[in-house]
Amino acid sequence: MPTTLTLNRSPHSNAFLPADTLHGAMNSYFCNVALPVPLRTTFTYAVPEELRYTLRAGTRVLVPFRKKSLVGVVVELADAAPKDTKIREITRVLDIVPPLTSKLIELATWIAGYYVAPLGEVFRAMLPPLVELRSQRQIVLTECGREAAESLSGGELSHGLTGIEAAFLAKLKEKKGAMPLRPQAKLGLEVSSLQKLQRLRLIEIHESIQPQKRKTQRVIAWKAALAHSDAAKPLAEKEEKIRMLLETERGPLPLAQLLRLAKITRSLIERMLRDGLLESWEEPQDPAEDAFDAGYTPPAHELNAEQDSALKEIRARFELGEFGVQLLHGVTGSGKTEVYLRAVQDTLARGKTAIILVPEIALTLWIGRQCRSWFGARFEGVAVLHSALSDVERAREWWRVRNGEARVVVGTRSAIFAPLENLGLIIVDEEQENSYKQEETPRYHGRDVAIVRAKMENALGLLGSATPSMESYHHTRNGKYELLTLASRVADRALANVEIVNLREEFQQTHQTSPISAKLHAGIQDCLSNGTQALVLINRRGYSWSVLCRSCGASVQCVNCSISMTHHKQRNRLECHYCGSIQAIPKLCPKCQSKYVYFFGEGSEHLEERLRKEFPGARIARLDRDTARTKRQYQETLGAFAGGALDILVGTQMLAKGHDFQRVTLVGVVSADSSLSLPDFRAAERTFQLLTQVAGRAGRGELPGRVLIQTFYPEHYAIQDAVKQDYLSFFERELHFRRMMAYPPFASLANVIVRDTSLEKAIRWSRLLSEYLSPHDGEKVRILGPATAPLARLKKEHRFQFLLKSPKRAVLTKLLSGALAYCHSKEIPQPAILVDMDPLNLL
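As a starting point, this report considers the structure included with it.

Rules used in this analysis
Residues numbered from 1 in each chain as written. Predicted model: local features only at pLDDT ≥ 70, side-chain atom pairs only at ≥ 80, totals over all residues. Heavy atoms only, no water. Helix = DSSP H or I, 4+ residues; strand = E, 2+ residues; numbered from the N terminus. Buried < 20%, exposed > 50% of the residue type's maximum accessible area, 1.4 Å probe, protein only. Contact = heavy atoms within 4.5 Å. Areas by Shrake-Rupley, 256 points an atom, 1.4 Å probe, with all protein chains shown as cover. Pairing = 2+ DSSP bridges. Axes fitted to C-alpha atoms, helices over the stretch in contact; angles between N-to-C directions. Expected span 1.5 Å × (residues − 1). Salt bridge = Lys/Arg side-chain N within 4 Å of Asp/Glu carboxyl O.

**Here's the deal with the overall build of the protein**
When helices and strands are counted, the protein shows 25 helices and 35 strands. For the protein, buried positions account for 55% of its 843 residues. Look at the contacts in the protein between residues 6 or more apart in sequence, and 75% of them connect residues 24 or more apart. Accessible area of the protein: about 37900 Å², with a carbon and sulfur share of 50%.

Structural data, given as structure tokens:
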């Protein structure tokens, strides 16, 4: 049953608010509203008289702003307005209940201050889409109201009630204390009187979101008990194929998927159902689940000694009942997910709620299935929140959480804003991932916001990774975080054997360049001969990543960005992966008109084509953002590979983490050192993390695994330590470099970009900003720049960069706030100055 909310009605807007917020309500004449505009301030509006007792912080309102109307969030109520300012009224209230709790408003305020972002932009990132959802409202007589109605039956008025109000209470008592909330004419009572009765706590108005009529799917399962009995007849070929799919490879499947995978007719399924070989049932389809996401039962592993020890440490932290952060450092395949789920189970048993963050939408499918299987039936439900849901689905999931119908939330970085009450645990899986950092305003980091929210809620923050970020692991060294370690894989399975393929030596022997070395070719051939599977990773999508003229040396650049266009052969065009612009493939060089146009560098599309030529009989698929544009495409490809329907899977870094493929015995990494050449101090860390994570995809089942890393730079310590899968060795070496160069975790960074479509303006504004920043360059803050940004032009804008370093974040925040105020005084447009605190991308 959904949790019932007690609500109060606003007659002007038909909005409702929780009755428990009415206690201590004040008659507020004004309110401060945050608007989604690039201005770091709130705006004061007058509250209409009929809303003064009901409007509360956290509610969305429609307000006039300049010559248009905007949706804003009420941050606080006020008794007075700024002097000498024209004050306009709120147009209307938009929410049934305030979507933001007081804790979330506090969190938004922290984000706005720390990341130097407009508060209205922060609220826009936090809030669900504004869509209409069906709801049901009832007027309910309270115990106080029942006593009042009984005392009024003697004819004496109390509580300052009028005769009409007393009669209404009596009528409500006759209706067994509840009646639907109807329009004023049908109730026979003025709205002001209804509000009065609620303020006196004589009635409550209960509000619940009506459940959507959910789609169902027919799921087919193998009836094992009867099928394996002594009386069972031998199975025909197609029946045996169905048994293998349903019993061995995939488990119960939706009917439509079974028909397609087994290439059979519906009539065969119906006959096998009649014969008792199969069983079926109708199953509701979750908004976050599609027809290819059913029938999954997670393995109930027994905890090994390391997992049990980690869980005991987590439980000990629960017993303390106070904020803390733990880092679960476990090698790939060590069973971190099992520890997560048991920690959530303990959290729920204590009457608290939990959030699980994953770095990519794709991983929500897998974690979501596990959570639904573990908690969906026993507890009050699991909600999934991410940007791939439709607006209606996202809003419905949000309000399910807000109404207390879900106690576990799984999602990507924005799920950290889920309006859970009584939060006890926040898990951040693969905490080192860059995708937790938002690359548009507000530029928050989901992991860091999770830790701050855990502190505000007095909850436990649990970070997990096989390759923790330098900052997080350093915090375990200085005592800020508690370290939990899983040093071995489950069932004592060995880590995959990792080998380096030196491409310099390969070229000397063959005098040819190929993305598939001789050793990788032989390894794939062994997989095909043995009936196992291979994963091949190349961290570039497209066919070729540059188009070059062999006569003049010019490359085909994007018209909007200072970056080479990528060749996509299947689509027969060039694309920019930054701004999305498209060009036709040139037959002649745009600069010198030469016909010697050359496609340089291999991408995932090229690699797939090459593998199909070298292994013509193999079943090969590619998984990247070009082939998996929808959740269904992504899941179908992964499902086919997991079920053994594919031999080789080619892909980008989305294959490197989180997936558990039991039959993969070989992982090949093409161009392992490509990221080392980037102008970024984190290049070595990212290379080590990617190689270690992708190596963890091999040998996760009973079969041993092997990893081949192709590189032109085998001597680099990031590659050497990834081969040994030795995180501590890499950490020590990289930490020395960071200390010498004063980079995180020994300093805080801020990246400031000045940008405009006019080069002249961008240069002038950069000089003005430099005039403010330069005097502060010293011991407390080191200021580098202005300089042309590595991506000098992006989406038609010219870009100049400042990089600020300081041992203390507070110093950076104060300086940047002053810089933005200075820019405002110099009439530099706010969108022209981009501030990124704790940047992960310096391009």
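**Brief notes about the sheet that holds strand β17 (residues 408-411)**
Think of a sheet as strands paired side by side through backbone hydrogen bonds, with each pair either parallel or antiparallel. Taken in spatial order, the 7 strands of this open sheet run β16-β17-β15-β18-β19-β14-β20, and their pairing is parallel. Both edges of this open sheet fall to β16 (382-385) and β20 (482-486), since each of them pairs with a single strand only. Between one strand and the next, the sheet's axes are offset by a mean angle of 15°, whatever the strand orientation. Relative to β17, strand β15 (residues 353-357) is paired through 4 bridges, and the arrangement is parallel. What sits directly across from I355, in β17, is V409. Seen against the sheet, helix α16 (residues 470-477) touches β14 (324-330), β19 (460-465) and β20 and runs at an angle of roughly 115° to β14.

**Re helix α14 (residues 391-402)**
Helix length check: α14, at 12 residues, gives a terminal C-alpha distance of 16 Å against a target of 16 Å (1.5 Å per residue), a fit within 8%. Taken together, the buried positions of α14 are A395, R396, E397, W398, W399, R400, V401 and R402. Residue G404 follows α14 closely and has a positive phi angle near 80°.

**Some details on the pattern of salt bridges**
With the rule as written, the count across this model stands at 42 salt bridges. Linking R243 and E240 is a salt bridge whose minimum nitrogen-to-oxygen distance equals 2.7 Å. Taken together, the residues span about one helical turn, with R243 and E240 both in helix α8 (residues 237-249) at a distance of 3 residues. A salt bridge links E609 to K613, with the nearest nitrogen and oxygen atoms 3.8 Å apart. Of this pair, E609 and K613 both sit in helix α19 (residues 604-614), separated by 4 residues, roughly a single helical turn. E609 gets classed as partly exposed once you look at its relative accessible area, which sits at 22%.

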